Amino acid sequence: MKKIKLLVSIVVITFLTSCATKAKFPVSTTVPAAEILVKKKTDNNKNITLEINAKNLASAERLSPPGNNYSVWIVTKDYGLKNVGQIQVKNGKKATFKTVTPFEFSEVFITVENQGDLSYPTGQEISRTKI
């Protein structure tokens, strides 16, 4: 009986984790110590959850040139670039970002911006990855 429960648990965990796509951002020349991971998952309503976890990400104000925030952008298949939010860095050791979007996308990138409500990127690109 214990073996059956263990097997079922393993199958369920494998199924749940296999639904998400994960990628690692390449090392940035602007913030080379940063380790940035992204996870993309589609929910039951066909919305897409985007989650970014960053370690050792310097505050945007400390960069050269400095900025006010890190903006997260997606490259959608049908609607071009979309600004999906900002990463707030309160502690350089760990920063997280999570949002839900109805847009299907294949690429995510992060820029340093002076404003958070931009409709197209104007600042320096930190890193980009396909997912």
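Residues numbered from 1 in each chain as written. Predicted model: local features only at pLDDT ≥ 70, side-chain atom pairs only at ≥ 80, totals over all residues. Heavy atoms only, no water.

Novice: Explanation requested: the sheet that holds strand E1 (residues 20-24) in the structure shown.
Specialist: Consider a sheet: its strands pair through backbone hydrogen bonds, and that pairing is either parallel or antiparallel. An order of E1-E2-E3-E6 is seen for the 4 strands of this open sheet, with the pairing classed as antiparallel. At either end of the open sheet lies a strand with only one pairing partner, and these are E1 and strand E6 (94-101). With strand direction ignored, the average angle separating the axes of adjacent strands in the sheet is 15°. (Pairing = 2+ DSSP bridges. Helix = DSSP H or I, 4+ residues; strand = E, 2+ residues; numbered from the N terminus. Axes fitted to C-alpha atoms, helices over the stretch in contact; angles between N-to-C directions.)

Novice: Please explain the pairing of strand E5 (residues 81-87) as it appears in this structure.
Specialist: Side chains on a regular strand alternate between the two faces of the sheet. Here strand E4 (residues 69-76) runs beside E5; their pairing, made up of 6 bridges, is antiparallel. Counterpart to Val72 in the pairing with E5 is Gly85. Counting the residues between successive antiparallel strands, the hairpin from E4 to E5 contains 4 residues, one of them, Gly80, with a positive phi of roughly 75°.

Novice: Explain unusual backbone geometry to me, please; I cannot follow it from the model alone.
Specialist: When glycine is set aside, most residues are seen to have a negative phi, and most peptide bonds are trans. Following Ser64, the chain continues to Pro65 via a peptide bond in cis, the omega torsion being 0°. Here Pro65 shows up in the loop between strand E3 (48-55) and E4. You will see that Lys46, though not glycine, has its phi angle at about 65°, which is positive. Relative to the assigned elements, Lys46 resides in the loop between strand E2 (35-42) and E3.

Novice: Whenever I open this one, the side chain of Thr76 confuses me. Can you help?
Specialist: For Thr76, the position within the fold is in strand E4. What makes Thr76 buried here is its relative accessible area of 8%. Engagement of the side chain of Thr76 in a polar contact is seen with the backbone nitrogen of Tyr79, the distance being 2.8 Å. Of the polar contacts made by the side chain of Thr76, one reaches the backbone oxygen of Gly80; its length is 2.7 Å. Discounting chain neighbours no more than four positions away, the residues touching Thr76 are Lys82, Phe103, Glu104 and Phe105. (Buried < 20%, exposed > 50% of the residue type's maximum accessible area, 1.4 Å probe, protein only. Polar contact = N/O pair within 3.5 Å; in protein donor to acceptor, adjacent residues only side chain to side chain. Contact = heavy atoms within 4.5 Å.)

Novice: What's the story with the side chain of Asn69 in this structure? I'm lost.
Specialist: Tracing the chain through its elements places Asn69 in strand E4. With relative accessibility at 5%, the residue Asn69 sits in the buried group. A distance of 3.0 Å separates polar atoms of two side chains, one belonging to Asn69 and the other to Ser71.

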